[in-house]
Amino acid sequence: MRKLFHHEASPLDATATVFTGGTLRTVDADTEGAEAFLVFGNRFAAVGTVAECREEARRIGTRTTDVIDLAGATVVPGFVDPHAHPLMYGQMLSWVDCGPEKARSIPEIIALLQEAARNQPAGIPVRGYGYEHRNLVEGRHPTKEELDLVGTDREVYLMNASGHGGVVNTFTLKLHDVTRETPNPPGGEFFRDADGELTGELSDAACNILTGVNGVKVGHHGPNFHLEDEPEEHLRQLSVAQEKFLEGGVTTIGDCQVTRREFDMYLRLAEQGRLETRVSMYLLSHLLDHALDTGLHGAFGNSRLAFGGIKFYADGTLGGWTAYFPDGYVGDPCRTGQLYHEPADYAALIAKAHAAGLQTATHAQSPTAIDMVLDAIESAQNARPDADARHRIEHCGLPTPEQITRMHALGVYPVNQPQHYYNWGEGVTAAIGTPGERFNPLGEFVDADVPVTISSDAPVAEPRPLEAIQAAVTRVTRQGHRLGSNALRLTAAQALTAHTLNGARALGRESELGSISPGKRADFVVLGADPLTVDPHTIADIEVRETWIDGELAHSTRSDLFSTTATIEDQS
């Protein structure tokens, strides 16, 4: 039997430690301004003055209490990343990084892939990731002919930064019998030039050709980026990904596209005692009936591994121009993107999940897609009112002001990724024009009293919460451009809450996570500077020194950064 539950500390074996001597950003109005906090076992036992923390330690019954001097560092709650794809991210880390820091042109991408091909055995696929065509000098996608320069005797796949498609070489298309006459699959596209010839670009469900016989075939339930490796390799990839999240200070992750592949890997890691971060799983919507048949009628699990809800797709991605704009894109009027479902079919799926008490999380970028989501949620709520359903809209890139008002009325949580516009905000305006400057209108959510939640969407962006917070506060892109008006920006305090407490709320876990509050789990991060007081344009440069989970050190840049400065004996 797999043992998933972690040991809860008791007064007989728990350690009591007071942390003081730094700046505490507790994200809790009742404890903000405190000078110290007490960790007892895996919980915050007290937050306040040093004397109050010592008194609580004596009340609990500990004989000794360690005191750790933070030496002027800043402590914040463990960052919550409620929308990411850890296994996919780990897999990408074994591919060739073709992102903007590595390549700014197509020849530079080809050179990187050619180097990888030279270092791999013959016939082994070459895979790259991270390019965004509007960031390239050429301003376009590579072609199959250009990828043929990497290899004509093996598969070559270059994934777009959006994760919703990319480009393959001629060998890959021939291997899978894709020709100019091949019809587009439901929810995907094989792109063609003006003469009807395949360009090598493919999107969403068309990526099914890459996954092999045993790969996930999700069709209209979402894009397919579930490339299969051996289980041991997947475990290695997931372990590597965990370390990257911990490096960024992330203690809790919402995995927003869980299939059997991810589920099995999490169970294996938990069984081996190697699941270091907390994970809330959102099953992909093609598993909805399976979930209901097995009796999943609400969240369940333990502090490390939990089932959160069901993930849906309403439309595609702005990065790949597959988000649904029925009048076409400014950058290419012939492209409209797509809806994954007919509105009536989608509404039926949401109603089924809602009636069973399941939280839903739907990817939606365009106003048309967001409208479809809100209509479905409103219909489901009218049929079965639930004041705390917390249905989510993932990305929620371009909601209208009227839709934001509806979100407030329906209790919908938008889950945004400011790093998207940090990395390629210029591409959004190139795709849809001036309205793209409102991409992720976080300040408007605040004004409408809609909870703002920040996440990474890793591997679409790196799991670096401080970079996301900087982008939310400044709205300045990697290329130095400012997107939209000041009304779209957050304060640093609002952005910190968005990546901690509001992230926990989006996962339904705010009673145990998201702030430094007595009784909550002792997840916290030690930073080299205070993100609320530094120059906002330097927030991303702050060092993440230590990441603690359940009162235990999970990651540190230096093993000797802090030391116990005193041990207090109970003299009573």
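Per chain, residues are indexed from 1 in the order of the written sequence. In keeping with the predicted nature of the model, local features appear solely for residues at pLDDT of at least 70, side-chain atom pairs appear and are counted solely at 80 or more, and the whole-chain, interface and lining totals rest on all residues. Side-chain metrics rest on all non-hydrogen atoms present in the structure, leaving aside hydrogens and water.

Trainee: Give me the lowdown on helix α3 (residues 106–118), citing residues and values where you can.
Mentor: Secondary structure elements are taken from DSSP: a helix is a run of H or I of four residues or more, a strand is a run of E of two residues or more, and numbering for both begins at the N terminus. Here the expected span of a helix is defined as 1.5 Å times the quantity of residues minus one. For α3, with 13 residues, the first-to-last C-alpha span of 18 Å sits near the 18 Å given by 1.5 Å per residue. Within α3, burial applies to I106, I109, I110, L113, A116 and A117. Angular distribution of buried residues about the axis of α3 spans 120°; they occupy a single face of the element. For α3, the exposed residues lying more than 90 degrees away from the buried face are P107 and R118. The contact rule is simple, with two residues in contact once any of their heavy atoms fall within 4.5 Å. Those residues of α3 hidden inside the fold are in contact with β8 (96–97), β9 (126–131), α4 (144–148) and β10 (156–160). Buried means the residue's accessible area, taken with a 1.4 Å probe over protein chains only, is under 20% of the maximum for its type, while exposed means over 50%, and partly exposed covers the values in between. The directions from the helix axis to the C-beta atoms are what the arc is built from.

Trainee: Can you tell me about the packing of helix α12 (residues 418–432) against helix α14 (residues 465–474), naming the residues and giving the values?
Mentor: Lines fitted to the C-alpha atoms define the axes, with helices restricted to the stretch that makes contact. Angles between their N-to-C directions range from 0 to 180 degrees. Where α12 meets α14, the closest approach of the two axes is 8 Å, and the angle between their N-to-C directions is 75°. Classified by the interaxial angle, the pair formed by α12 and α14 is roughly perpendicular. Here P418, Q419, Y421 and Y422 of α12 come into contact with α14, specifically with E467, A468, A471 and A472. Here the residues of the contact of α12 with α14 are counted per class, giving six nonpolar, one polar and one charged. In this scheme, roughly parallel covers angles under 35 degrees and roughly antiparallel covers those over 145, while 65 to 115 is roughly perpendicular and the rest are oblique. Residue polarity follows a fixed list, in which Ala, Val, Leu, Ile, Met, Phe, Trp, Tyr, Cys and Pro are nonpolar, Asp, Glu, Lys and Arg are charged, and the others, Gly among them, are polar.

Trainee: Requested: an account of the sheet that holds β8, with residues and values cited.
Mentor: The strands that make up a sheet are held in pairs by hydrogen bonds between backbone atoms, and each pair lies either parallel or antiparallel. Across the sheet, six strands lie side by side as β8-β9-β10-β11-β13-β12; this open sheet has mixed pairing. Since the sheet does not close on itself, it has two edges, and those belong to β8 and β12 (188–192), each with one partner. Relative to β9, β8 runs parallel, the two being bridged by two bridges. Within β9, the residue paired with V96 across the bridge is G128. Each of β8, β9 and β10 is contacted by α3, which is oriented at about 150° to β9, the strand it contacts most. Pairing between two strands is assigned when DSSP locates at least 2 bridges connecting them.

Trainee: Tell me about the packing of aromatic side chains, and name the residues and values.
Mentor: Between 30 and 60 degrees the pair is tilted, below 30 it is stacked and above 60 it is edge-to-face, where a pair is any two Phe, Tyr or Trp rings, Trp via its six-membered ring, whose centres lie within 6.5 Å. As enumerated under the stated definition, the model contains 15 aromatic pairs in all. Between Y313 and Y340, the aromatic rings sit 5.5 Å apart at their centres with planes inclined by 55°, giving tilted as the arrangement. Of the two residues, Y313 sits in strand β17 (residues 305–313) while Y340 sits in the loop between β17 and α9 (343–355), which places them 27 residues apart along the sequence. Pair check on accessibility: Y313 and Y340 agree, each one buried. Pairing F325 with Y329 gives two aromatic rings, centres 5.2 Å apart and planes at 70°, and the pair type is edge-to-face. The exposure classification of F325 matches that of Y329, with both residues buried. Through pairs of rings, three or more aromatic residues link up here, namely F19, F37, F44, F524 and W548.

Trainee: An account of the pattern of salt bridges is requested, with residue identities and associated values reported.
Mentor: What makes a salt bridge here is a side-chain nitrogen of Lys or Arg within 4 Å of a carboxyl oxygen of Asp or Glu, nothing more. In the structure shown here, the tally under the stated rule is 31 salt bridges. Between K352 and D289 there is a salt bridge, with the nearest N and O atoms lying 3.0 Å from each other. Remark: D289 occurs in helix α8 (residues 288–293) and K352 occurs in helix α9; sequence separation between them is 63 residues. We note a salt bridge from R390 to D388, for which the minimum N-O separation is 2.8 Å. Salt bridges linked by common partners bring R278, R304, R509, E512, R521, D523 and D550 together as one network.

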